[in-house]
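Inside the fold
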Amino acid sequence: MPSRPSILGLLFVVLSALGASAQPYHVATAADGGDDGNDGSPGAPWATITHALDTVPDESLILVAPGTYTGRIRIRGSFPVGVTVRSEVPYEARLRHDAAVLTVYDGQGITIEGFDVAHSGPGAGGLVIQVQDLIGEPGGADRVERIVLRNNILHDSYNNDVLKVNNGAADVLIEGNLFYNQTGSDEHIDINSVERVVVQDNIFLNDFAASGRVNEGNTSSFIVVKDSNADSDTVVGSRDITVRRNVFLNFEGGTGANYLLFGEDGQPFYETIGGVVENNLMIGTSIDRFRAPFGVKGCQDIDFRHNTLAGDMFSRAFVARINTEGANLPIDQLVMVGNVFSDPTGTMDDFTDSPIGQTNSFTLARNLYWNGGNPIPAEADDMINFADDPAPVLGDPVLGDQAGLLVPTWDESSGRFRDGSATIREAFERLVELYGTPGAGSAAVDAGDPGDAPLDDILGNPRPSGSAPDLGAVEVQVVEPPELVLRVTGGALADVTWEAVPGALHHDTYRGSLPPFGLSSRGAGLAVYDHVCFEAADALGDGPLQTRDGDPPSPGNVGWYYLVSVTDGAGEGSLGRASSDLDAVTPGVQLLRPNDAPCP
């Protein structure tokens, strides 16, 4: 599998995190600061971000105080190492305009972080943010590049896209943002005739009612990757585009749209060459019927791997529409491996829409398929069907029930997201944990092919090297409990017995002299024991385990509980017993390190 775009993504993260100056510069609202005569210090802040960028040296940090900043902000300047413009209090610096709010037409090495950015209201001009190359020849050797948008709330365009990246720009990282509510037949992100763009760790959704707007039912895809202007710049076909570790949900818009679409304009060349789509969670909580979560039109070398599609998608095709339009070339080298396609409601009635003859080559392999126990649908006039997978995994991935899902739009009045989260990352992790993480008995666990899997999962956790990874976006992490440490202060240590208690998941006995396997001496009379993973049950009250308060744990309480009996060398006369919830037990045995880590 090609890994080039993902490696570039890691490089962007490193470059964008390079050190800022020890003494930050400051921007405040016009009432508190000014550009003329002020020096950007806390006591004399500048009034505008643009003036700050025109003034500061490379490697600077610009902190923007809370407040509403109205008007166009020009993000410009060339910074070899990079500068960061950051909302001093996350999401409390609000950027508003009745046209494009942020324009990046001649910037290099600039990070925008922690802002709330939107149009000021109806009647606005096109776009909320635009990143395009207007330095000399578009897409030339000297161009707009190394631009980072991180941890921003980007929302409510009243005209066109929320974000447009186009016209030959390169090396753009869009990371950890929340996107919602574009307008008309346009997108959250239009990636158009550019190179090396990474979109990662974001949340994409629509919720027009949350912004006091009417859902017109006509918006387009959340993300589209294409080339509308052909050879008007030096880039023909967007190249090396990575969309990974994102969450998509709650589509509101037109019936022909997708969560993610490669190619759109019917061009006679490949509109995207080299795309990696991995570790994304696509949740089926759509309000309006749409085309399919994933789409490809006239593109080459697109890898769709280890994504999780979960729920009743309310889409015309559950997985993808793969086709050509206009003068498109047939799709070439499409790969779909290691994914989870799960509709627990059993209503999946169309797997893909993929007309025969419009795709030159594709691979469908080692995906999980679940239709609530019903057969996976197949269509004779589709080129890509479930039966084309030579190693399918059939079974329930055991993902969370989506009933009651809270859409995490921003509530400015409370200073929190509407799911209760304080940060975009917290909302992101909540969605992944509740709706993308396989449960006990999941058919997705350890069912993948290590040769197909990314190095990490949607949360950035590592996947196993050389052994079977989990299918889909989430790699279930094995939780190893910390050591249980007992100090034996008297008697000869010989026999160690794991106590057989109700609900114990592991039960073993060791007899022998020090130091046995799993038991290591830590100086005179100090030993480290293996663990027991115990799930408390109703019968626990009759067992030997007690909490520090002397009461048994509540039924259903899950955690690591250690019950160890230590006897003397003759196997007679217990020296004591210890558990993870006791500071000390029978004289002579003391617990030094309580442990409340959850069972895996």
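Residues numbered from 1 in each chain as written. Predicted model: local features only at pLDDT ≥ 70, side-chain atom pairs only at ≥ 80, totals over all residues. Heavy atoms only, no water.

Locating proline 66 in the fold gives a position in the loop between strand E2 (61–64) and strand E3 (67–70). Here the alpha-carbon distance between proline 66 and proline 90, two residues 24 residues apart in the chain, equals 8.6 Å. Residues in contact with proline 66, not counting those within four places in the same chain, are Thr29, Val89, Glu92 and Ala93. (Helix = DSSP H or I, 4+ residues; strand = E, 2+ residues; numbered from the N terminus. Contact = heavy atoms within 4.5 Å.)

The end-to-end C-alpha distance of helix H3 (residues 424–435) is 16 Å, a good match for the 16 Å that twelve residues give at a rise of 1.5 Å each. Residues of H3 that are buried include every one of Ile424, Ala427, Phe428, Leu431, Val432 and Tyr435, and no others. Down the axis of H3, the buried set is contained in an arc of 135°. They therefore lie on one face. (Expected span 1.5 Å × (residues − 1). Buried < 20%, exposed > 50% of the residue type's maximum accessible area, 1.4 Å probe, protein only. Arc of directions from axis to C-beta.)

For the rest of this paragraph, the subject is the pairing of E2. Where burial is concerned, the two faces of E2 agree: the one with Leu61 and Leu63 and the one with Ile62 and Val64 are both buried. A crossover links strand E1 (residues 25–27) with its parallel partner E2, the connecting element being helix H2 (residues 49–55), and its sense is right-handed. Pairing of E2 with strand E4 (residues 73–87), which is carried by four bridges, proceeds in the parallel orientation. The residue of E4 that forms the bridge with valine 64 is serine 87. (Right-handed = clockwise from strand over helix to strand, strands pointing away. Pairing = 2+ DSSP bridges.)

We now examine unusual backbone geometry. Note on backbone geometry: most residues besides glycine have negative phi, and most peptide bonds are trans. Phi is positive for arginine 146, close to 55°, though the residue is something other than glycine. Relative to the helices and strands, arginine 146 resides in strand E9 (residues 145–150). Under the relative-accessibility criterion, arginine 146 is labelled partly exposed at 22%. Positioned with a positive phi, aspartate 156 is a non-glycine residue whose angle comes to about 50°. Along the chain, aspartate 156 falls in the loop between strand E10 (153–155) and strand E11 (163–166).

Take the pattern of salt bridges next. A complete count under the given rule lists 22 salt bridges for this structure. Arginine 321 serves as the salt-bridge partner of glutamate 325, at 3.6 Å between the closest nitrogen and oxygen. Taking relative accessible area as the criterion, glutamate 325 reaches 28% and is therefore assigned partly exposed. The shortest N-O distance in the salt bridge between arginine 463 and glutamate 475 comes to 2.9 Å. Remark: glutamate 475 occurs in the loop between H3 and strand E35 (484–488) and arginine 463 occurs in the loop between H3 and E35; sequence separation between them is twelve residues. Through salt bridges with shared partners, a single ionic network connects Arg86, Glu113, Arg150 and Glu175. (Salt bridge = Lys/Arg side-chain N within 4 Å of Asp/Glu carboxyl O.)

Before going further, it helps to spend a moment on the packing of aromatic side chains. This model, assessed by the stated rule, comprises 17 aromatic pairs. Centre to centre, the rings of tyrosine 91 and tryptophan 410 are 5.3 Å apart; their planes meet at 65°, and the pair counts as edge-to-face. Highlighted residues: tyrosine 91 in the loop between E4 and strand E5 (93–97) and tryptophan 410 in strand E33 (residues 410–411), separated in sequence by 319 residues. Grouping residues by exposure puts tyrosine 91 and tryptophan 410 together as buried. Between phenylalanine 262 and phenylalanine 294, the ring centres sit 6.3 Å apart and the planes meet at 75°, which makes this aromatic pair edge-to-face. One end of the pair, phenylalanine 262, is in strand E20 (residues 258–262); the other, phenylalanine 294, is in strand E23 (residues 292–297), and 32 residues separate them in sequence. Accessibility classification places phenylalanine 262 together with phenylalanine 294 in one group, the buried group. Grouping aromatic residues by their ring pairs yields a cluster made of Phe179, Phe204, Phe222, Phe248, Phe251, Tyr259 and Phe290. In this structure, arginine 213 packs its charged tip against the face of tyrosine 158, placed 4.1 Å from the ring centre. (Phe/Tyr/Trp six-rings, centres within 6.5 Å; stacked < 30°, edge-to-face > 60°. Lys NZ or Arg CZ within 6 Å of the ring centre and 35° of its normal.)

When pLDDT is averaged along the protein chain, the result is 82, and 76% of the positions lie at 70 or above. In this model residues 1–20 is a low-confidence stretch, pLDDT under 50, and it forms 47 contacts with partners more than four residues away in sequence or in other chains. (pLDDT = per-residue confidence, 0-100.)

This next bit is on the sheet that holds strand E25 (residues 308–311). Taking strand neighbours across the sheet as the criterion, the twelve strands line up as E3-E5-E7-E10-E13-E16-E19-E22-E25-E28-E31-E32 in an open arrangement whose pairing is parallel. Each edge of the sheet is formed by a strand with only one pairing partner; in this case those strands are E3 and strand E32 (393–394). Alignment of strand E22 (residues 281–284) against E25, held across four bridges, turns out to be parallel. Residue pairing for E25: methionine 282 is matched across the bridge by leucine 309. Against the sheet, H3 engages E10, strand E13 (178–180), strand E16 (203–205), strand E19 (247–248), E22 and E25, with an angle of about 70° to E22. (Axes fitted to C-alpha atoms, helices over the stretch in contact; angles between N-to-C directions.)

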